[in-house]
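Residue-level listing of the chains:
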Amino acid sequence: MLIEYAKTTRNSTSYKGFGTGPPKGPKRYKSDDELVVPKRGLTLGGGSCLMQFCCAIRLVATHLLGWSVLVGMVFCYCLNVELMKSGNGRFAFGFYGAVIFVHLSVQSFFALLEQRYTFRNPPPPNYSTDAPSKVALQISAYQEDPDYLRECLAAITKLEYPRSKLKVLLCIDGNGDDSLYMAEIFETVMAEAGLRPVFFRWDYNYHELPEDVGDDENGVRLLEQMIADNQFICLMQAWGGKREVMYTAFKALGESVEYVQVCDSDTVLDPCAMLELAWVLDTQPNSGAVGGDVQILNDGDSFISFLSSLRYWTAFNVERACQSYFGVVSCISGPLGMYRMKVVQEFLDLWSDQKFLGEVCTFGDDRHLSNRMLQLGYATKYTPRSLCLTETPATYSRWLSQQIRWSKSYFREWLFNALWWHKHHLWMVYESIVAGTFPFFVLYTTFSTDYSGNLWDFIFLLLTIQIIGLVKGFFAGIIRGDSIMLFMSFYSCLYVTSLLPGKIFAMLTIRKKGWGTSGRKTLLSNYNSLIPVVIWNSLLLYGLIRTLISNDYSRLYEVRYDVVGALAYLGFWVYMWTMWRVAVQWRLSKKSDLALESETENFSSERSDEDDEDPGEDRIRRQSPLVSTSVQSHPVSDELTKPLLGPASVEPTDRSDLEIGRESPRSLVDFRFRVNDL
């Protein structure tokens, strides 16, 4: 039974619980004049004359480099220099294509170096018991699916971190009765693990406190006292968005902990995830934040979720691993990231009250947190040793809404990020330009080719798109050691048909707020995101029809190329789709597996209580939440299962409680075991 902390005898303030306080006030944010920007490192307007001079030189040099890269790429693209060309002129490889190929090669090279260094420098054997830093784990929740939330909390109770230095806060965005089920799940899971949870249902949030009322009456003092005195806390507050619940946790915690780890309520953490993140910050004092490897929990729910799982792997283990080599990870992902709390407190109000084009920002909280760290000159890192699984949208409309929201924050934060290029490695400048301009080159190429009137040009474009996807998948497959990454070629088609118009739509609606993807308990489709996709693909279809009509069919050998090219493109799709259905799909994990497993565990637990005996091998074990749970699982050797627990130096001594895993495209075995042996 849920008992509000405010209604217990431990409450010595005037705030007596939910529904007893005065009405909440209007949303209030600090003005730009009230917000103080901290200065650290190479900053104009502070420090000695020599530092000012160095800062000015560096500032000019980095932006000159940025402009040089931009002009160079535009020049290579517009000049259309062909490095190689077939005798009949049907096939060509241009200078811009060579630039992209070199970029992917260099990016993969530095990513591999970072992976090797990370796996060859694990935490010492005693770190799991002697970790020196206090850590608070903050979980953001909004209308979460009960199965996902239960898995998330169960994994948290198994974290391999000293219990005396750990604090857990589940922050629920919304204090209505329709959100109470999440607090009940929190209380149940924590109690089952032998922990003492406390529950606080707040009428307000920090930005909607009642006017002319002190902290003793509005619950602020009681909230901060409760968080200081307890370890496992569930907080419900007035709805305000994800950034609002994160702000509440950060502000109430203050500097009572060294680090704060953020996590989403649909995320399942590896037992050693927190240890690995804390190890990076403990050993690298100039690093302000570190993120881990986020993989997909429900990659078998649909073809969309499967492609997302491949994109996630590439984004983290290639792109962010490369950025980490230079200490400039652009986004510490929300499901798995850790920050220095003392530094967060320096810019907390700047982050919470961020404004863009006069509007307060609500989305892009993780990317802006990362940018604030970079602004102060701190490095941002990535470690593949820290892992988690998270949910991804399985339906097209929900996936598209998510991508549009991420694109909004990307474009907004790209502009902010450019202000601090001079404080970091030049790779930050170079990659920002390449990544930021690439969509526009693809957009123009696709549109102009579609309306060129030459059918072969359009077919060759389709083949090129697939080849680029194969090249990216090839480099990722080398690092991962798994040919499954070749299916990234499918994602290229999704990029052109859906993400490109989504990015344009994101730029046009950048001021629109919201979570972007609705709560998973009541899925509400946002069909507005389909508008740009319908318009874009209608234009492409019209251009294709126009090209088919105006194409010259008089030359038989040219028609032969068109037919062969079209058949090759369709044949590639048929082959890859068949391989996915036959060899891949059955190995993936579905959301329904969680519900089935939960029912099986409950049945096994009840049977054990009734019979008062150990169910032995018949019982499904869940000591490591990252081990796959499909009914079609099969035994693997202890040697392959070992990497699932994180580094060997911190693995549990009793291996009998490990669940038997199975091979899977997103299994941690196929990556961690191979990279650790490089």
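Our subject is the structure that appears above.
Residues numbered from 1 in each chain as written. Predicted model: local features only at pLDDT ≥ 70, side-chain atom pairs only at ≥ 80, totals over all residues. Heavy atoms only, no water.

Caption draft 1: Just the sheet that holds strand S4 (residues 166-173), in detail. Taken in spatial order, the 9 strands of this open sheet run S5-S6-S4-S3-S7-S10-S9-S13-S8, and their pairing is mixed. Unpaired on one side and paired on the other, strand S5 (197-201) and strand S8 (267-269) mark the two borders of the sheet. When strand polarity is set aside, the average angle formed by the axes of neighbouring strands in this sheet is 25°. Seen against the sheet, helix H4 (residues 146-156) touches strand S3 (135-141), S4, strand S7 (259-264) and S8 and runs at an angle of roughly 20° to S8. (Pairing = 2+ DSSP bridges. Helix = DSSP H or I, 4+ residues; strand = E, 2+ residues; numbered from the N terminus. Axes fitted to C-alpha atoms, helices over the stretch in contact; angles between N-to-C directions. Contact = heavy atoms within 4.5 Å.)

Caption draft 2: Structural context of the pattern of salt bridges. Summed over all chains, the structure comprises 15 salt bridges. Residue Arg 221 is joined to Asp 216 by a salt bridge in which the shortest nitrogen-to-oxygen separation is 3.3 Å. Salt bridges sharing partners connect three or more residues here, namely Lys 242, Asp 264 and Asp 365. (Salt bridge = Lys/Arg side-chain N within 4 Å of Asp/Glu carboxyl O.)

Caption draft 3: Structural context of the pairing of strand S6 (residues 232-237). For S6, the tally of buried residues reaches 6 of 6 residues, placing the bulk of the element in the interior. Neither face of S6 is exposed, since Phe 232, Cys 234 and Met 236 on one face and Ile 233, Leu 235 and Gln 237 on the opposite face are all buried. For S4 and S6, the ladder comprises 6 bridges, and the chain directions are parallel. Looking at S6, one finds that Asp 173 is bridged to Gln 237. As paired strands, S5 and S6 are joined by 5 bridges and run parallel to one another. Bridge pairing in S6 links Val 198 to Ile 233. (Buried < 20%, exposed > 50% of the residue type's maximum accessible area, 1.4 Å probe, protein only.)

Caption draft 4: Region of the structure containing the environment of Asp 349. Within the secondary structure layout, Asp 349 lies in helix H11 (residues 341-352). Taking C-alpha positions, Asp 349 is 8.8 Å from Tyr 29, a pair spaced 320 residues apart along the chain. Contacts of Asp 349, omitting those with residues within four sequence positions, involve Lys 30, Leu 35 and Tyr 247.

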